[in-house]
Structure formats: C-alpha cells, structure tokens
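# Results of the structural survey
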Amino acid sequence: AAPLAWLAVLDAPISGQIASTLDAKGALSSLDASLTSDKGALRPTPQTKPVAFEEASLFFGYDPARERLDLRAATVTSKDIALKASGHAYLPGVTTKIPQEILAQIQIENLQIDPEGVLDKPIQFDQGALDFRVRLAPFGIDIGQVSLTHQGQHLLASGRVEADVKGWSVAVNAQLDQIPHDRLLALWPPLVVPRTRAWVAENVQQGELSNVRAGFRLAPEAETIFSLGYDFSGADVRFLRSLPPIEGGRGYSVVQGKSYTMVLEEGYVTAKSGGRIDAAGSVFAVPDVTQKPAMARIDLKAAGDLPAALSILDEKPFEFMRKAKLPVDLGKGRADVMATILTPLRKGVQIGDVDFDVTGQITGFSSDILLPGRDLRADRLTLRVTPQGMQIAGKGTLQTVPFDGQFSKKFGPDYKGQSKIEGTAEFGPKAAATLGVLLPDGLMSGRGTAVVTVDLQTGQSPELALRSDLAGLAMAIPALGWTKPAASKGQLALDITLGKPAFVKRIALDAAGLTAEGSISLAPSGGLNEATFSTVRLGTWLNAAASLQGQGVGL
C-alpha cells in the first residue's frame, strides 16, 4: 500500500487496525491507522546493522488529497531512547506511485536519550521540533533542523544519516546557546575522544559555556571524527595538576579531530605567597589526544608581582627557586613571564619528563637578598629558565654602583647551592667605598669600568673577582713618586670575599711601571687592618715586600 510504503524500513511485527474509505471510483479517500509493535528494529537493508527498539506505537491519519500523513501520536521505547511525538509528513507522488521520499515536521513532547555504555547519565529534553526528509531508495535521512529545549537550554542540530551495504554513515552538526559545564559533559559521550573528555572533566571545573558548536562524522571503514568548540566564562581551569588552578577563567576551547586547544582570554592564579597572577593569553593544546600518553603544549602567560610569579615557578614539577636555593621573595618588582611547557598527560610526571622554556622580564626590581646586606636594583631585567638552568640579566645598580650583568644558576646535582653574577660595573674610589673597600686618599680618582664575577655558594660569603684595565682612572702614590694618568691603561685584579667586613684575598696591580701583589684585610669597625704585599716593584730602584698597618678609620 503506497501510503504505508515507508514502513518497509522496519523489521518488526506490527499489529493494529486500519480504517479506510473509498470514493465512488474506488480510489482511497481517507485512511486512519493505529499500529503497535513489540521488539523490532530500523533496518533499511538486510546488510545494515539494525537499530533496535523495545516497542513502538503510531497513530496517524492519511489525506490523499494533500498526500499527507497526520501523525497524531508516536512513541518509541528502546534501551537507548524514549520518544513521544506528533506531527505530519508529506508523501509526494503517493497517489500515483510508491513515494520516493517523505517530508516531515515533528513536534517532540518528550525525549530521553540513554545509549547503553555511551553517556554517564540519561539526557532529558522537555520539548522540541524536527524537520527532516526521508529518502527511501536508497535509504537516507536529511535533517533540516532539530530543536530541543530543557530548562531554558536550547539545542539546534542538522545533518544526515545514510545506510548502505557497508553500514551506517552519520554527519551531524549541533549548537547550544548556553549550558553549564557539567551539562556539556552529560551530552559528550565518554567514548568520543575519551582522553580529551576526561581531561576537560578533571581540569575544567564549574563555569558557564556558551556558543557551543559540535560536529560528528561516522562512516563505515573510516575513522570517527568529532569536533567541538565553545566559549566559557567563570571557569576554574587547571593546566597542570601540580599548579594552582586558574580562577575566573574566560575564553574558548576547540576539539578538532585528534587535537584539543583551550585559549584563556581572562583569568588569574592565586599564588601560595598570596599574590594574584594574571594568566590571560595562556593556551593549552594537545596536538594528538590519541597518543598514550598524550603530549600537551602549554603556553602559560603570567603577569603580576615578582614574589607571586616566582612562587608559581617554584611549584612542582619545576621548583626553580628551590633548585637555585633562593626564596620566592628574593626581591620586589613586577614580572611578565611566558612559559612554553611540553609535558605528558599522565599521573606521576617528574621534572625529567617535562621540557620547558621560560622567558620574561622583571621591572622595578630591588633586592637585598641576592647579595646579602647590599641593595641591588634594576629598572628592567630579562628572565630565562630552561631545564639546564636560570638566567636573570640586565642593567642596574649595586649599592648605587652601576652594572650590566647576569645572575645565572645551573641545575643539576653538580651545581647544588651554586650560582653566579657576572658582568661589567663602574669602578673607582666611590664604587670601591660603596662595596666596603676604603682606599687611601689620593690613591685613585676618576671613573673606569671593571669586569666583575660574584660566585655565590649557599652558607658562604659571596666571592667577588674584579678585573679592570684602569682606563679613565688616575692613580698616584706620592711617597713613591708614582703616578698613572687617567688616559693610560694598566691591569688591576681584585679577589674579594664580601663578608662583614670584606677581605681582599688578592690584589695585583701592573700600571705605569709599578707592579704589586698582595692581600688586604679590613678591620671589623672599618678601615684598613693590614695590607701585605709579597712584592712591590717600581722601575729599577724598588723591589721589596711590604706590610702596611691600619691606624684606625681613615688612617
């Protein structure tokens, strides 16, 4: 019967009744049907995998004048779905031949989806509407639009379903206006890109999602493709299990094939030190979620007070400051940091499993901890941290002495407790006095530069090595009749232990015909204690050892 030809796609026992009338010419003028079925299946071809149902019922009328079926009520119940709906469908050409397609508009009164082993819990929709076309030979369904609502949430979808001898092909696109984070997970089948779903479930907490768009592609003998994109706001996001979560997160996420990307447009991290770090602009990406374990790339941006930023960098698995034997509150300033982190997504990640490259800048820096008891300042410093070590470099002042240098710390057991400062600094009588080395009046004047290295060892006084060519410095020892003009060069080497007081372990001078080498100790109260020179040579008339005794501060 042509009006019932569409039932051929069902493999099911049907019972019920059909009441029809014929006109004066014997043609069908109306038809009303009440049909029910127990266990059966949607099976367009014998080769197609059946889609089973437990029971179904159809109550409809047929108007041949309009080639229309009026679906007064329809119910379908299976392990996967429970549907109650009504609507109408047009059967173009049904009055003259078996129709080739059905054009239907359905009102959904209630829909519950609960595929066994697919969803965490059933999905419930209170109402909806469906516009679709069914092609009977070959079988296919073109979904113009399906609109479903539940508790103010609105789901729109479109797509197509086809069946052939190889199996089912499905292509569906869907979008949601707004949905809570946990509700999205309820709609996201755990078997569809399960590793990405598991990461989102574990690391994206709370939050409202909007502009949700999804796509699903299933075809015989082909890889299943799933895409998902959404905006989020008010979310707590954790990029790494060991790091504090990003709070108040706003941004967007995209799942495309095997890849997952999250872009944070707004959000902050509260460090253990109590400061707040702005993490806007951070990106979390997994190029291939099917890898075991999947590898993640994290481009983490952090901007805030220096102690808070260093506190974040001192979390596991990095522990940069702990390795440098430095406190996170080593100084004041503002830090703007960009960290690129490559890490496997698995439990028990160790620092050896992680590759990272941290760059940034520190502005308005000041510290009296890096060199204990001495004020270190810089308008701008650059920061670099890799698995090999840490470097902080730039121009600044040490106790008002200008310098251009770098603090470096190598990681590894061979460098435990060791770090270094090296660079160039202003050198002259004022700079020496600032560093605690008081020179005799008239010995030196002017201003030069020196190459300075400070070796730092936990629990020990810093060791400073200074080398200068003395350019720009005038020197004189009137008692010896010796002078060095500022325009001439020479060589000066100082090795100083920066304790309290400082101790010049070695001084070596070679300039304007004078060579001298020895050591200088300073009195605890200030001034010279003793200067001992193993050799002092000047021209051809002086070749001696000498010892100078301090007579008090300034004497």
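What comes next concerns the included structure.

Conventions used here
- Residues numbered from 1 in each chain as written.
- Predicted model: local features only at pLDDT ≥ 70, side-chain atom pairs only at ≥ 80, totals over all residues.
- Heavy atoms only, no water.
- Helix = DSSP H or I, 4+ residues; strand = E, 2+ residues; numbered from the N terminus.
- Rg over C-alpha atoms; globule rule 2.2 N^0.38 Å.
- Buried < 20%, exposed > 50% of the residue type's maximum accessible area, 1.4 Å probe, protein only.
- Contact = heavy atoms within 4.5 Å.
- Areas by Shrake-Rupley, 256 points an atom, 1.4 Å probe, with all protein chains shown as cover.
- Lys, Arg positive; Asp, Glu negative; His and termini not counted.
- Charge placed at Lys NZ, Arg CZ, Asp CG, Glu CD.
- Pairing = 2+ DSSP bridges.
- Axes fitted to C-alpha atoms, helices over the stretch in contact; angles between N-to-C directions.
- Salt bridge = Lys/Arg side-chain N within 4 Å of Asp/Glu carboxyl O.

Regarding its fold elements, the protein presents 5 helices and 37 strands. What you see for the protein is a C-alpha radius of gyration of 41 Å, clearly larger than the 24 Å of a compact globule of 555 residues, by over 25%. The principal-axis extents of the C-alpha atoms in the protein amount to approximately 145 × 40 × 40 Å. Within the protein, buried positions represent 44% of all 555 residues. Counting only contacts in the protein whose residues sit at least 6 apart along the sequence, the fraction spanning at least 24 positions is 46%. When the accessible surface of the protein is summed, it comes to about 27800 Å², and 54% of that surface belongs to carbon and sulfur atoms. With 55 positive and 58 negative side-chain charges, the protein shows a separation of 5 Å between the mean positions of the two kinds.

In this section: the sheet that holds strand β28 (residues 444-446). Spatially, 3 strands are ordered β28-β31-β32 in an open sheet, and the strand pairing comes out antiparallel. Of all strands in the sheet, those with a lone pairing partner are β28 and β32 (482-484), marking the two edges. With direction set aside, neighbouring strand axes in the sheet form an average angle of 10°. Where β28 meets strand β31 (residues 473-477), 3 bridges bridge the pair, whose relative direction is antiparallel. Each residue of the ladder has a partner; that of G446, found in β31, is L473.

Pairing between side chains of opposite charge can happen when the charged atoms of each approach one another. Counted according to the given criterion, the structure contains 20 salt bridges. The salt bridge partner of R297 is D299, with a shortest N-O separation of 3.2 Å. Judged by its relative accessible area of 38%, R297 falls in the partly exposed class. Close ionic contact of K505 with E463 constitutes a salt bridge, the shortest N to O distance being 3.1 Å. Linking K505 in strand β34 (residues 503-511) with E463 in strand β30 (residues 463-468), this pair joins segments that are 42 residues apart in sequence.

Secondary-structure assignment places D314 in the loop between α3 (306-313) and α4 (320-323). In contact with D314, not counting residues within four places along its chain, are E319, F320, M321, R322 and V328.

The next thing to look at is the sheet that holds strand β5 (residues 51-53). Ordered by their spatial adjacency, 3 strands build an open sheet running β1-β4-β5, and the pairing between neighbours is antiparallel. Single-partner strands in this sheet number two, and they are β1 (10-11) and β5. In the sheet, strand β4 (residues 40-42) pairs with β5 via 3 bridges, with the strands oriented antiparallel. Across the sheet, the residue bridging to A41 is A52, located in β5.

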